[in-house]
Structure formats: C-alpha cells, structure tokens
Amino acid sequence: WERSWRRPHLSLQVTRFVMAAFPKHSRAVGFKASSHRFRSAVRLLVWVALPAFAHGEGFLCDNYNCSDYTQTTMILAGDEVAEGDPQQFLISGTLPDDIALFSVLTDMRLLYNRFSGTISKAITDLPLETLDLFTNYFSGTIPADLSKLTALQRLDLARNALSGTIPEGLTDLALLRILFLKDNEISGTVPRQIGKLSRLGILEFTSMALTGPIPESFGGLDPEICALQEGNPELSCYEGDINVPSYEGIPDFRESTRCLREAAQIPCQPPSAPPPPSSPPPLEEVVQFTVSCETVGVATRRKLQDGEPLSTDSVFAYVSTTMPEDVADRDIVVTAVRNGRGRRLQQGEPEGRRLQDDDPCDFDYPVEVYVRGDVTIDEVLVVVNAPSFEAGLDDFIVEPVGIGEVTTAVVLVPSPFAPPSSPPLQEVVFVDIAEIDSNGRRRMQDGVPLSEESVFAYVSTTMPDGVADRDIIVSAVRGGRGRRLQEDELNGRQLQDPDDLVYLVDIYVRGDVTSDEILNVVSSTAWEAGLDAFIAEPVGVLSVALGLQPTPAPFSPPSAPAPATRTEYVCFDVHCRLCGAAADGCAMGSACYVHRCGQGLGSSTKTECEQTCKAPPARARKDPHLYLPHGARADFRGAHNATFAMLSAKDVAFNVKVLGEDFNWAKRIVHGTKMAAAYWVVRTSTGRLIKVEYDCTSTLGGVVRETGQRDIYLKKVESPLTVDNVFIAMMESKKLVVTVDGKWTLSASVSPIPFGNLAANKNKKLLDIEIEPLYDADRDVVAPHGIIGQAYDGDDIGIHGKIDSRRGDETTTTAQAEGAIEGAWEEYMVSSPFSTDFKYSRFDATSAKPRDVSKLTGTKTPWGVKKQTVGATDLPEVN
C-alpha cells in the first residue's frame, strides 16, 4: 500500500507490522520512511491506520522507542479513504502539553484523527516547519502564540471546530507557503496585514464566517490557489483599487494577481449596525450613600486643605477610582441636591437655572452604585463601609467632607434619575485604537506622544467636512478592564505608560455628514497608516463599528470657588508665572490663568517650576516640515542638491543638504524634498575647529574631521567622543548627537521614507534633525540665526510660515517658510557643506541683535496658545 502524505516529496511504504506495543488493540501498523530527503540523522515517528485507539490519554511513545525525544518528524494519520467510519480514525483525546518534549520536531502531522479540545500552546515552543491538523475536532481559538513559529512553512487547521478570529500575528510568519483555515467557525475580518505573507502558494479561507471589508494588502497576494469568497457571505468590499483593462464592458483579470481576482468577485455590502443591546432586568440592586460637608456652622468649619474642589465631578472621580474593578463608570451616578430642598439638579437644565456661584457646601451629593455584572453587592459594601474610604474621600476633596448612612435598595430599571422619556439616539462610529507589537515594542519614532489629545488631533484633522470637534470624543480605557479613566484618579491607580491603555474614539454623526462617509475614512488602510506615522508609539486600529447611543447632554454641576490663598506657579510661554499675579502676566481671566492655573499643572515654588519649564526642541522632519521655537510651524522645500544653514550661532553652525524626493502614499504622490546629509562646524573652548558629517546613505556612519588629524568614524553606540567642551556620540536608532556643553544639543536621525513597505519607497532614507538650546538662547547677546535658529528672537511669539496645503493625486511642494523667515529663502544657501558664511551668519560675531519680527508677515501666536496647523503633506490623504 503506497500513498502520498499531502506533501509531494515524501512517500511511505509498509515495511513491517508492530503488534507487541499495543496488546489491548486488535492490530497496529508501523511505518518507516524511505525517501531520499531523509538521511540517517533524521528520526521519524509514524503511526498509521491504528483502529480503536481512543483512550484519550495522549499518544507519546506508545509503540516506538522515543524515550530520547529526538524525532524531527511525527506523522500520526488516520485513513483518508475511510474517514467516514469513526472506527478508522487513529487517535482521539486531547493534544498533551508534553508534546513540547520533542524539542527538535520540525514536521508534525496529525491529520484525519479525532483529536479534540484546544490546540496546546506547547507546540509554539517547537521549531516547526510543518503543522498539519487537518480533519480533527479541535475547538477554541487559534493560539496567538503561533506567531512564534517563525520557521513555519505549512499551516493546515482546516476542517476542525475552531472559532474566534484569525490572529493578526499569523501575518508575521514570513516563510509561510501554505495556509489552510477553511471549514471552521472562524469569524471576524481578514487580517489587515495579510499581504505580508508574500511567499504563499496556497491560501484557503472558504466556508468560515468571515465578515467586513477585504484589506487592500490581500489583493497583492498571488498564490497558485487563493480561495476566499465561497462560504463567507458576509464579506464586503475590497478596500483597494481594482484597476484592470476592460474589453466590451468585461474586465480582463489576466494580468492581475489571483487574490485580486477573488476579491473582485465579492459584492459590496453596507456596514451593518451591531444588534441592539438586550433588555436589562426590570429590577437591580443599588448601594446608596450621601457625601456632605462636615459643618455644624460656618464658625466651626475648618480651613480648606489641598485637594480637589467639591463637585459632582470630584466625588465621581474618587468613587470611580476606589470601586472594585468590575464596577464600570456607567454604574455610578452622582447628583447634587440643595440642602433642605430635596430636588436634584438634572443634566441639561437651562443655563439660567444652573447655580454656578453657590458654595458647594450648600449641596449634598447623593451617590448610587448599581450592582451589575460579576461584582456583588457585598464587594461594594465592603469598600464604602471601610473607615479608609471616608478618610480617603476627605483627603481627596478640598472641603472637609464625610458620608452619611450607607444603604441598599432594589430599584426599577432605568433608574429614577434618568429622564422619564427615552433619550434621543444618534448614530455613532466607534473606533478603538491601541499600541501594537506587544511581543517586542519598537523604539519610538518621531511624532506626537500617544495620548487622548494626540489621538483627538489626528482624528479631528482627517474627518470629512461637516464633522465638528464637538462631535468627536476620545477617552482612555485600561486594557482588559472596560472602565474609562477619570481625569482626577488617585496617583496610586494611574497608569502612566500609554501602551497600558486602549483609546476609544466616538464620532457622532450629525448634520449633513453620513455614517458611510466617516466609515470610509476610518476603515481605510491609509487612515491607519497615517495615524501610526503621526503618533510616536506604534499604534493600530483594533476595531471599527457603527451603533446607536443616547445624545450626550453637557452638565455643569455647581463648582467650588477657586481657593485664593494657595500659591501656585505655572509654566506658560516657557516662563514660570504666579497664578493671579497681573505683574507676572498671569492675572485672573488671562490665557495663562485660564489654561494653566487650577489644572493640577502648577508647582508650589518657582524653583520647582523652573526645573521642568523648558521649551521643546525645534525640529525639521520628513518633507521637510519645520517645528520652530515658540510653537510655530512652516514647511521648507529648499532646492535640489543645495545646502542650507539651519542654525548659525556664536562658534556653532548646523547645515543640511537637501535633495529632491518623491513621497509615494497609497493613493497619491508628492514631489517634494528631503534632508539627506547634516554638517556641524564647532569651534571648541580652546579654538580647535571640529567638523562632523552624517549622510543618510553612507555605511560609514558619522565622520568627525579636524585639520591635521585622521578622520574618526562613529558607527555604533559607544561612549561619546570628547573634544574640549564638545561631545559627539552615535545613539540608538541611528541618531548622531553633537553637544556643545552649556550651549546646544544638535542631532540628526536616519529614518525610512514614510510608507516604506510600498515598492516605490523601498530602501529610501532621509534625515530628521533637532535643535535644542541648553541655555536661554532668546536672551543671547549674539542672537542666533539660520532658517530655524532665528526664531530664538526673545519675544516668546510663534511666527508661522507658509504650509503646503494643496491636496490631490499628484502634487509638488512649494512652501519656502515664507512669512516665518527674514529675507528670501535663497539667502540661507551656503557655498559648501561646512561653510559658515551666509548673509545672516553669527559664527564669528561678537554681538548681534535678533531679527525684526515686525517685518515678518506670518501669523503670530503667543507661546502656550496652541495653533493647530497641519499641512497637506503632514498626514496621508484619506479618501
């Protein structure tokens, strides 16, 4: 009997019968391999056609001498011909964790058996190249840890009872050639990065329960077999472009990939709203207590302590922070009742009815904690009845407060505090965003740090016209807890690292804009790629959904008066200012007071404030986009193969070489420029002239030159090269840093062109630079100059220059920072890379005044008042 084992190069022949190892069973057939591909060093473990072996205790070493576990190949296969007869299957039971003992196993095939249970994670510790579990009864989800099998070339999980979704990590298996997942109960979407599996020869995703749009990367695959449509009726549109020739109205796919042909046959379906939530039970338990000021009379009331002013928000923040983990924010209701009146202030009361100027101690603050989900009423009672709960509340709130009697009740649902009629419902697009690459977090790239504010800035910039900022709500949720963070959570419970959080984006569909328009934006690969480019951390979109929820109604509870006696210094315009002091530029009602004071951002002493009150570095990055001192923005094209002075200061020059470059995005191209090389010239404290060069295309790293000395190459991270008061070092991420002690830190970093995975951008590199003063450069007697350096002009005013604003399928940048720089842009060109001589040079100056800002035409904004400016080439265009 000879048969092929679903792998062309291996055939097995019957050579002997083995009976002794299985005295309890009717017969056993043992095989050994005869193939030119298996040499004497290969150990092969095979059982075939062993009927009625169903003890469920595993299969390790039952009829073969494998006590040393040195087998590289394991084939335990039932009879494919007689698979309809349960007696003809080989093994039942579960896959034991002891499989990990076969530490050198590269080929494991358990096809045509009756294995059940989940797929053991122990197999992810093996050096597998083939994993074939075809036709079994495995259930549960596909282990995410399969992504650890980096040598895997064949993965066959077809014809099982697997559920869940396809792990995104499978797309990291770069050597994978065969991927069978068909005939399972797997749902969800096709992984967005499926196109990374460029070596696939067979891809079968049929007869599952896949839904949603087909990612653009899918169309780039061209295996011999690409099967997706059959048995997946809920699949929707292909996200990419299907550009094929047509003859007499009939598309011609002969020159397209096989997966693109498959995707083109799948009809578009509108996104469906999630099913409405199930009706809550008519009754539910609630824990009730009231927070009030501890006061017998005004004369006995103690002075205000440090803490949060008493309000519904501060009481909510404390209660939310101290509840058991399974209590969600929506389960906590805090209202305000005027003492002696017994009427609760309702959300959405007319402005004239709100009592904004009342003393917060004129109100009681009833708290209701609804007992829902897995939490029990006893768990909540243990918390609120503890003396530490009341003591912590008193420490958290400025006013002296305590809690009244704690009671429990059973109330109708919805609660009596909700409006008597159903609230109006609105369509909302929900987008969940989180950091990716949990196995090995990559180093941070240039960009805005991950936070609620940075996510909001990106979403706001990329929405269709008609979506206002008030329609976008971004909040942070602890990973796995499902509870939104509060601004005033206690320090002990705050999670400072942004990768501990998931960022929930709710986009309300209002006005003329439609949900389809928003969904088309946030579901596109370009939108996700743009988000990742904008944020410093590596981030991705976890899910996109459409639903209905009540219209949020703003509610301003009675606010406490700001304590006038507290001393607070805040950082504003890069200066520490005393809150409430008109002479210090921070009078009540000023921008400094409104945006900084009372926000938890201040320090009790000016010295403490000055330790952190520093301007961020000025930067130039990508195409090149300038982030100037004092918060200004501009774009600068320069000219091809020309060198420009970015900073010119006393004894310091920092120049960059500009080259023309095409920036290819998914659906557009920008003809722009890039910074290709950086040049430093520094005169040291003893008069030595040091020159440093860093070219993004050079394999030599940084080069340090001095007349009469041999060149020194800096290629790896090591201790800084020190020359008098100058320190030169290669840092991680190919960043070369030159520091002039007490004066400047000037750096250049090599980074890939954005969207480096596109073929048109492959192997393209550029430089990003940073300029950071280590002293008060705004007050230097030799005022710095250069395209960036001139902005240290002593006025704390940001002067914005021209931004490239044109959008389209193909554009060319033109902005030359007009309005933000003195004179014409050509006046900043230098004749050679290390030249310090140009019209505004300060290298040899002993005194120089700052530029005359009155002659600049750019928009002027005070430092500390943000002006959101995003150019057409800052973010990928979203269709």
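Residues numbered from 1 in each chain as written. Predicted model: local features only at pLDDT ≥ 70, side-chain atom pairs only at ≥ 80, totals over all residues. Heavy atoms only, no water.

**Q** Residues and numbers for the packing of helix α2 (residues 312-322) against helix α4 (residues 387-396), please.
**A** Relative orientation of the contacting elements α2 and α4 amounts to 140°, with a least axis distance of 11 Å. The angle between the axes of α2 and α4 places the two elements in the oblique class. The way α2 lies across α4 gives a crossing that is right-handed. Two secondary-structure elements touch here, α2 through Ser314, Ala317, Tyr318, Val319 and Thr322 and α4 through Ser388, Phe389, Gly392, Leu393 and Phe396. For the contact of α2 with α4, the per-class residue count stands at six nonpolar, four polar and no charged. (Axes fitted to C-alpha atoms, helices over the stretch in contact; angles between N-to-C directions. Helix = DSSP H or I, 4+ residues; strand = E, 2+ residues; numbered from the N terminus. Parallel < 35°, antiparallel > 145°, perpendicular 65-115°, else oblique. Left-handed = near helix turned anticlockwise from the far one by under 90°. Contact = heavy atoms within 4.5 Å. Nonpolar A, V, L, I, M, F, W, Y, C, P; charged D, E, K, R; others polar.)

**Q** A description of the nonpolar core should follow, citing residues and the corresponding values.
**A** If you look at the biggest cluster of nonpolar residues, it comprises 53 residues, and the most contacted ones within it are Leu626, Met646, Trp680, Ile728, Trp744, Ile769 and Ile771. In terms of residue count, the dominant contributor to this core is strand β35 (residues 642-649) (six residues). The next biggest cluster of nonpolar side chains, apart from the first, holds 51 residues, and it includes Ile186, Val190, Leu200 and Cys226. (Core = buried A, V, L, I, M, F, W, Y, C linked by side-chain atoms within 4.5 Å. Buried < 20%, exposed > 50% of the residue type's maximum accessible area, 1.4 Å probe, protein only.)

**Q** Provide a residue-level description of the state of the cysteines, including the pertinent values.
**A** Applying the stated criterion to the full structure yields four disulfides. Bridging Cys226 to Cys259, the disulfide has an S-S length of 2.1 Å. Between Cys226 and Cys259 the sulfur-sulfur dihedral comes to about 110°; the bridge is accordingly right-handed. On the criterion of sequence distance, the pair formed by Cys226 in strand β16 (residues 225-227) and Cys259 in helix α1 (residues 258-264) is long-range, its members being 33 residues apart. Classification of Cys226 as buried rests on a relative accessible area of 11%. Classification of Cys259 by relative accessible area gives buried; the value is 0%. Residue Cys576 pairs covalently with Cys609 via a disulfide, S to S 2.1 Å. Handedness of the Cys576-Cys609 disulfide follows from its S-S torsion of about -100°: it is left-handed. Residue Cys576 is found in strand β31 (residues 575-578), and its partner Cys609 is found in helix α9 (residues 606-610); the two are separated by 33 residues along the sequence. Among the residues examined, Cys609 registers a relative accessible area of 3% and is labelled buried. (Disulfide = S-S within 2.5 Å.)

**Q** Please give an account of the packing of helix α5 (residues 452-462) against helix α7 (residues 525-534) that cites residues and values.
**A** Across the interface, α5 lies against α7 with an axial gap of 11 Å and an inter-helix angle of 140°. Relative to α7, the element α5 is oriented oblique. Along this stretch, α5 crosses α7, giving a crossing that reads as right-handed. Contacts between α5 and α7 involve Ser454, Ala457, Tyr458, Val459 and Thr462 on the former and, on the latter, Ala526, Trp527, Gly530, Leu531 and Phe534. Residues belonging to the contact of α5 with α7 are distributed by class as follows: seven nonpolar, three polar and no charged.

**Q** Residues and numbers for a negative patch on the surface, please.
**A** A cluster of acidic residues, Glu285, Glu325, Asp326, Asp374, Asp378 and Glu379, forms a negative patch at the surface. Within the secondary structure, Asp378 is located in helix α3 (residues 377-385). The class of Asp378 is exposed, set by a relative accessible area of 54%. (Patch = residues over 30% accessible without salt bridge, like charges linked within 9 Å, V, L, I, M, F, W, Y side chains within 5 Å. Areas by Shrake-Rupley, 256 points an atom, 1.4 Å probe, with all protein chains shown as cover. Salt bridge = Lys/Arg side-chain N within 4 Å of Asp/Glu carboxyl O. Lys, Arg positive; Asp, Glu negative; His and termini not counted. Charge placed at Lys NZ, Arg CZ, Asp CG, Glu CD.)

**Q** Residue-level account of the sheet that holds strand β10 (residues 137-138), with values.
**A** The sheet built from three strands is open, its strands ordered β6-β8-β10 with parallel pairing. At either end of the open sheet lies a strand with only one pairing partner, and these are β6 (92-94) and β10. Two strands pair when backbone bridges link them, and strand β8 (residues 114-117) and β10 are joined in this way by two bridges, in the parallel orientation. Bridge pairing links Gly117 to Phe138 in β10. (Pairing = 2+ DSSP bridges.)

**Q** Hey, could you go over the pairing of strand β15 (residues 209-214) for me, with residue numbers and the actual values?
**A** When strand β13 (residues 187-188) meets β15, the two strands line up parallel, connected through two bridges. Across the sheet, the residue bridging to Ser187 is Ala209, located in β15. Looking at chain direction, β15 and strand β17 (residues 234-238) are connected through three bridges and run parallel. Among the inter-strand pairings, Gly212 is bridged to a residue of β17, identified as Leu235.

**Q** How would you summarise the side chain of Thr321 if you had to cite specific residues and measurements?
**A** Residue placement: Thr321 occurs in helix α2. Separated by 2.7 Å, the side chain of Thr321 and the backbone oxygen of Ala317 make a polar contact. (Polar contact = N/O pair within 3.5 Å; in protein donor to acceptor, adjacent residues only side chain to side chain.)

**Q** I'd like a description of the packing of aromatic side chains, backed by residues and values.
**A** Taken as a whole and judged by the stated rule, the model has 16 aromatic pairs. Taking the centre distance of 5.4 Å and the plane angle of 55° together, the rings of Tyr458 and Trp527 count as tilted. Taken together, the positions of Tyr458 in helix α5 and Trp527 in helix α7 put the pair 69 residues apart, joining distant regions of the chain. The exposure class assigned to Tyr458 is buried, which follows from its relative accessible area of 0%. Accessibility expressed as a relative area gives 0% for Trp527, which makes it buried. Here the aromatic cluster, defined as three or more aromatic residues joined through ring pairs, consists of Phe289, Tyr318, Phe389 and Phe396. (Phe/Tyr/Trp six-rings, centres within 6.5 Å; stacked < 30°, edge-to-face > 60°.)

**Q** Give a description of the sheet that holds β15 that names residues and reports values.
**A** Note: strands within a sheet are paired through backbone hydrogen bonds, in either parallel or antiparallel orientation. In spatial order, the strands read β13-β15-β17; together these three strands make up an open sheet with parallel pairing. Of all the strands in the sheet, the pair left with one neighbour each is β13 and β17.

**Q** Before we move on, could you go through the environment of Gly201 and cite the residues and values that matter?
**A** Assignment of secondary structure puts Gly201 in the loop between β13 and β14 (202-204). A residue is classified by how much of its surface remains accessible, and Gly201, at 21% relative accessible area, is partly exposed. When the C-alpha positions of Gly201 and Ile225 are compared, they lie 6.6 Å apart, and in sequence the two are 24 residues distant. Those residues in contact with Gly201 that lie beyond four places of it in its chain are Arg177, Pro223, Glu224 and Ile225.

**Q** Just give me the short version of unusual backbone geometry, but keep the residues and values in it.
**A** Residues other than glycine seldom take positive phi values, yet Asp183 does so here, at roughly 55°. Within the secondary structure, Asp183 is located in the loop between β12 (178-180) and β13. The partly exposed category is assigned to Asp183, whose relative accessible area is 33%. A positive phi is found at Asn763, a non-glycine position, where the angle reads about 65°. Among the structural elements, Asn763 can be located in the loop between β44 (744-752) and β45 (765-773).

As far as function goes, none of this settles anything; it's purely spatial.
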